[in-house]
Structure formats: C-alpha cells, structure tokens
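Structural characterization, general
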Amino acid sequence: MRILIVGGGMGGTILANNLARRLRGELKSGKASITMLSATDQHMYQPGLLYVAVGKMSPDELYRDQAGLLESSIRFEVDPVTKFDLAGNNVTTESGKRHDYDVIVVATGSRPHAEGTPGLAEHALQFYTEADALNMYKSLQAFEGGRVVVAVGVPHKCPMAPLEITFMLIDYFKGRGIWDKVDMHYTYPIGRVHSLEPVANWAVPEFERVGVTYETLFNMKEVTADKVISEEGTETDYDLLVTIPSHKGMAVIEENELGAGGFIPTDRARLNIEGHDNAFVIGDTTNLPISKAGSTAHFEAEALAENIASTIKIGTPVRDYDGKVFCFIEAGEGRATYAMFNYQNPPDPKPPTKGMHWFKTVYNKMYWASARGLL
Amino acid sequence: MERKLVDAKNTFCPGPLMELIGQMKLASVGDELEVLSTDKGSAADIPEWINKVGHELLDSFEEDGVLHLIVKKTK
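Residues numbered from 1 in each chain as written. Chains lettered and ligands numbered in written order. Predicted model: local features only at pLDDT ≥ 70, side-chain atom pairs only at ≥ 80, totals over all residues. Heavy atoms only, no water.

What follows covers the overall build of chain B. Looking only at helices and strands, one finds two helices and four strands in chain B. Counted from the first residue to the last, chain B has its helices and strands arranged as β-α-β-α-β-β. Taking the principal axes of its C-alpha atoms as reference, chain B extends roughly 30 × 20 × 20 Å. Counting only residues that meet the buried cut, chain B has 52% of its 75 residues in that class. In chain B, of all internal contacts separated by at least 6 residues, the share reaching a separation of at least 24 is 62%. If you sum the accessible surface of chain B, you get close to 3500 Å²; carbon and sulfur atoms cover 46% of it. In chain B, which carries 9 positive and 14 negative side-chain charges, the distance between the mean positions of the two groups comes to 7 Å. (Helix = DSSP H or I, 4+ residues; strand = E, 2+ residues; numbered from the N terminus. Buried < 20%, exposed > 50% of the residue type's maximum accessible area, 1.4 Å probe, protein only. Contact = heavy atoms within 4.5 Å. Areas by Shrake-Rupley, 256 points an atom, 1.4 Å probe, with all protein chains shown as cover. Lys, Arg positive; Asp, Glu negative; His and termini not counted. Charge placed at Lys NZ, Arg CZ, Asp CG, Glu CD.)

Here it is in structure tokens:
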C-alpha cells in the first residue's frame, strides 16, 4: 500500500507521523510505504506570525527542519507536485518525477490573496507571511497615531485572527503609550463582529470598554490610499489599514482543476475527494464550510490516519470526522479564551483568563510536539 | 448560468452567510446559489446582506428543519 501525502504543513505532518506509528509493522515489512512531497524543507508554525506582527515573537522561532519532524520511516522529498492524475493514481512533480500511489492525501493548504481586492495589497498591512508580518511590525513602530482600520476578506485562514489582531494592536499601542492618539475601527463581513455568536456577544462590550468602533456587513470592494470602499456601499477612512485578506487554495489545485478557488470538494465525514475513494483532503485545502485553522487540520489528520490504517489492517474505515475545531482566542491584556465545537455542538466560550493566555503561550512552544504526533 | 449548492448545514464557523459571501466571489453574474442552513439566524441575516449588496433573493423555504435560500448574483 503506497500512501502519498502532498503537503508538509500541520495536517500533512500530523497525518504522516500518526500513520507511521499505526503502521509500524507494515512499514517495516514493506507492505506499506509513506511518501511526503513538499514545496519546502522548512516547517513554519503559522499561528506565530500573529505574534511576529506585534513584536512578540522572532521569525526564527517559527521554523524547524521538516525532515526532523517526521518519523524516520517516512520518505520525504522536497519536490512539489505540479500535476495530479486522480484517474491514473499518480502525480508528477516539479522535477519531472512520477509517483504512483494507492492512497493520496492532499494537504497543500491555502494562501493569502490580497491581490483579489483592488488596492489592498498596495495599501494594507497583513501578517500571513514572514515578510508581511515583519513589514507590519516595522510599520507599526513608525506609526505615531491616527485612524487604524481592520478589514477582513472572505474566506480567510484562522477565523479568530480579526479579533486577535485587534486586541493585540490595542496592547501594542498601549505599550507604546500612544493608545490615546489612536482611533481604532473594526469591520467585519457579516452582521455581527464575529462568526461565532457567543464570541461576538463577548467582543462588543470589550470594544465599547476600550473605545473601539465597529461596522458590520462590511466586505471590501476596493482600497485607495486613504479609504476602504465596501460592497455594501459604505466607505471608511484610514491612516493605517490592517487586513486579514481573502484566501485561495494553492495554485496547483486550480491549475489541475481540482476545485474552484483552489479548494477541493470534500466529503465532510470521510474526507475523500468527491468521486474518489482513495483520494483524501485535509486542512485548508478542503471546501468544507468549517474553520480554516491548524486545529481543523490536526483533528482531520487524526481521523483520517485512523481510517487509512484501519482500511489497511481490517479492510474498512472506523470513524467519521466529526467537524471538531478548537481555536484559542487572544483577548488582549494578557488574557485569552478558546472556542471548541463540531458539526453537532456549538461553541460555548468562557470569559478570557490570564491562565488561558499562558497556556496559549506555552502551546506556541509545544506545537512541535503536536506536529510530531506526541500531543 | 448554473446553480451551485452551498451546504452550510450544522456548521458554526465561519457560518452560512460567510460561506455564501465566499462562494459569491467565485460565481459569475447570473449564477444562482442555494444555501442550506440549520442556523435560524440565516433567515434574517442572509436576506439582509443580499438586500444591502444588491443581489437577488429568488426563494426561501424550510424543509425537514433545513433552511433553503436561493440567491442570484446580479453584479
């Protein structure tokens, strides 16, 4: 059984390590193999970029060698896939190599797409790449006060990011002693300040307490040098614009016509590509209507690893992915909370505490154990 | 013109309206999108957004506890 994993982010890495442990005997005897193909030899802890953007983490803290995170029984190659042949059960890579497989898992992730909104890439600060996060921090350092607008594209990675960056910016400006010179305005695409109603109900009084104004049903249509114009016909001026841009799946997914916007149609329980029983998708690459977040990839990877292993061992999958998501929420002032939910159970976030913030801070270091499949 | 299904049943985040907004970006003018939602709030918030942006709500009905909203992209 040749298992091919395309992508070495959180989902692909947890899946590969989990499978390697479940299939230790099969890998040793040669009855199974696991190959991972990635575009890079480095693994980035993406949630750390939020902290880089406000000077709370250094970029070098975000990286590890990908090979060092993987079980030694996993074959790892830095050679990104350029062509998928799902009917023929093979892929072709950038180097021209062909890989045949019995099972394939696509975990290529998503990418920010500020270019999709006219003017946004030129005028807004963002933090979804190392370069952008550093640029944002340097721009914040040079900022001496004025109107700061947070604007959010759809879809986006990490649904908590809009609120988190807002509260972290407040802390940053307070830390510099210029909060009284800042007029912060938060915008959000739907009719409340966050997708999750209990989170929105908590955030509004927090905004009112610290003096953040907000506008809902605000979807960016166009950005000029000094204002954001919305699809809904309103506009807001800014001196400093911070954006959570819309995201797309990776270009190779669109180029191979696997899914609109680079997101692959995926069965919400079995995680297979619709119409293919031996091809699966996890993480941001799915088109599932759930959070694009590291925890989603993590829980999907665990469910899928169990099913692939059980299919090899007993000929059938044993569980469905239940839609589980767990998101930390940095709430500012050294506090945090979290939201946990699945397809059947809505979230019930608790009031933020300093203890949860410290747990998140520790998790930023513990992530590497999680990627190795030890947590 | 095609009708695309936006199956947002039993999901909480990003939720049916955010799913619709994302799918609307991928659609062409004239396309229809049918949103499936089990979020009672969708009966109000999706029409509110549709009206504000200027798309067209063609139909809405509930069937077996699932709200169906059919929307046409007009611009």
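This part covers the side chain of T166(A). Looking at the secondary structure, you find T166(A) in helix α7 (residues 161-176). With residues up to four places along the chain from it excluded, the contact list for T166(A) reads V150(A), M184(A), Y186(A) and F207(A).

Moving on, we get to the sheet that holds strand β17 (residues 240-244) of chain A. Hydrogen bonds between backbone atoms are what pair the strands of a sheet, whose relative direction is either parallel or antiparallel. Residues and elements named next belong to chain A. The parallel open sheet is built from four strands, whose spatial order is β13-β12-β11-β17. Every interior strand has two partners, whereas the edge strands, β13 (213-215) and β17, have only one. Taking the axes of each pair of neighbouring strands and ignoring which way they run, one obtains an average angle of 20° across the sheet. As defined by bridge partners, strand β11 (residues 146-152) adjoins β17 across five bridges and the pair is classed as parallel. (Pairing = 2+ DSSP bridges. Axes fitted to C-alpha atoms, helices over the stretch in contact; angles between N-to-C directions.)

Let us look at helix α8 (residues 197-210) of chain A. Residue and element names in this part refer to chain A. Taking 1.5 Å per residue, 14 residues should reach 20 Å; α8 reaches 20 Å between its end C-alpha atoms and fits that length. Inspection of α8 places V199, A200, W202, A203, V204, E206, F207 and V210 among the buried residues, and these make up the whole buried set. Here the buried face of α8 lies against α7, β12 (182-187), β13, β20 (325-332) and β21 (335-341). Looking one or two places after α8, you find G211, whose phi comes out positive at around 90°. (Expected span 1.5 Å × (residues − 1).)

A separate point is the interface of chain A and chain B. With 32 residues of chain A at the contact, the number on the chain B side is 21 residues. Inspection of the region where chain A meets chain B yields one salt bridge. A salt bridge links R268(A) to D7(B), with the shortest nitrogen-to-oxygen separation between them at 3.5 Å. Our enumeration of links across chain A and chain B arrives at six residue pairs in polar contact (both at pLDDT 80 or more). (Salt bridge = Lys/Arg side-chain N within 4 Å of Asp/Glu carboxyl O. Polar contact = N/O pair within 3.5 Å; in protein donor to acceptor, adjacent residues only side chain to side chain.)

Further remarks concern helix α11 (residues 354-371) of chain A. The periodicity of an α-helix, 3.6 residues per turn, causes residues three or four positions apart to be oriented the same way. Residues and elements named next belong to chain A. Between its first and last C-alpha, α11 extends 26 Å over 18 residues, near the 26 Å set by a 1.5 Å rise per residue. The principal kink in α11, of about 50°, is found at K365. For α11, the complete set of buried residues consists of M356, H357, K360, Y363, N364, Y367, W368, S370 and A371. (Bend = angle between axes of the 7 residues up to and from the residue.)

Right, let's get into the packing of helix α1 (residues 10-22) of chain A against α11(A). Any two packed helices are characterised by the angle at which their axes cross and by the distance between the axes. Residues and elements named next belong to chain A. In contact at an axis separation of 9 Å, α1 and α11 are set at 45° when each is read in the N-to-C sense. Between α1 and α11, the crossing angle belongs to the class labelled oblique. Along its contact with α1, which presents M10, T13, I14 and N17, the element α11 presents Y363, Y367, S370 and A371. Taken together, the residues that form the contact of α1 with α11 break down as five nonpolar, three polar and no charged. (Parallel < 35°, antiparallel > 145°, perpendicular 65-115°, else oblique. Nonpolar A, V, L, I, M, F, W, Y, C, P; charged D, E, K, R; others polar.)

Below, the discussion takes up the sheet that holds strand β9 (residues 103-106) of chain A. Residue and element names in this part refer to chain A. Here we have five strands laid out as an open sheet, ordered β5-β2-β1-β9-β19, and parallel in their pairing. The open sheet has two edge strands with one neighbour each: β5 (74-78) and β19 (279-281). In this sheet, neighbouring strand axes are inclined to one another by 20° on average, regardless of whether the strands run parallel or antiparallel. With four bridges connecting them, strand β1 (residues 2-6) and β9 associate as parallel partners. Residue pairing in the sheet places I3 in a bridge with V103 of β9. Sitting on the sheet, α1 touches β1, β2 (33-38), β5 and β9, and the angle it makes with β2 is about 165°. Those strands touched by helix α10 (residues 294-314) are β1, β9 and β19, and its axis lies near 175° from that of β9.

Inspection of every chain in the model, using the stated rule, returns 17 aromatic pairs over all chains. Residues Y186(A) and Y188(A) carry aromatic rings whose centres are separated by 6.0 Å and whose planes lie at 10° to one another, so their mutual orientation is stacked. We classify Y186(A) as buried; its relative accessible area is 0%. Between the aromatic rings of F341(A) and F12(B), the centroid separation amounts to 6.5 Å while the plane-to-plane angle is 85°, which identifies the pairing as edge-to-face. (Phe/Tyr/Trp six-rings, centres within 6.5 Å; stacked < 30°, edge-to-face > 60°.)

Our focus in this paragraph is unusual backbone geometry. Following V154(A), the chain continues into P155(A) via a peptide bond in cis, with omega recorded as -5°. By secondary structure assignment, the location of P155(A) is in the loop between β11 and α7. Residue C13(B) is joined to P14(B) through a cis peptide bond whose omega torsion reads 15°. Position of P14(B) relative to the elements: it lies in the loop between β1 (3-8) and α1 (16-26). Residues other than glycine seldom take positive phi values, yet N89(A) does so here, at roughly 55°. Topologically, N89(A) is positioned in the loop between β6 (81-85) and β7 (90-93). A positive phi angle, close to 50°, is found at L217(A), a residue other than glycine.

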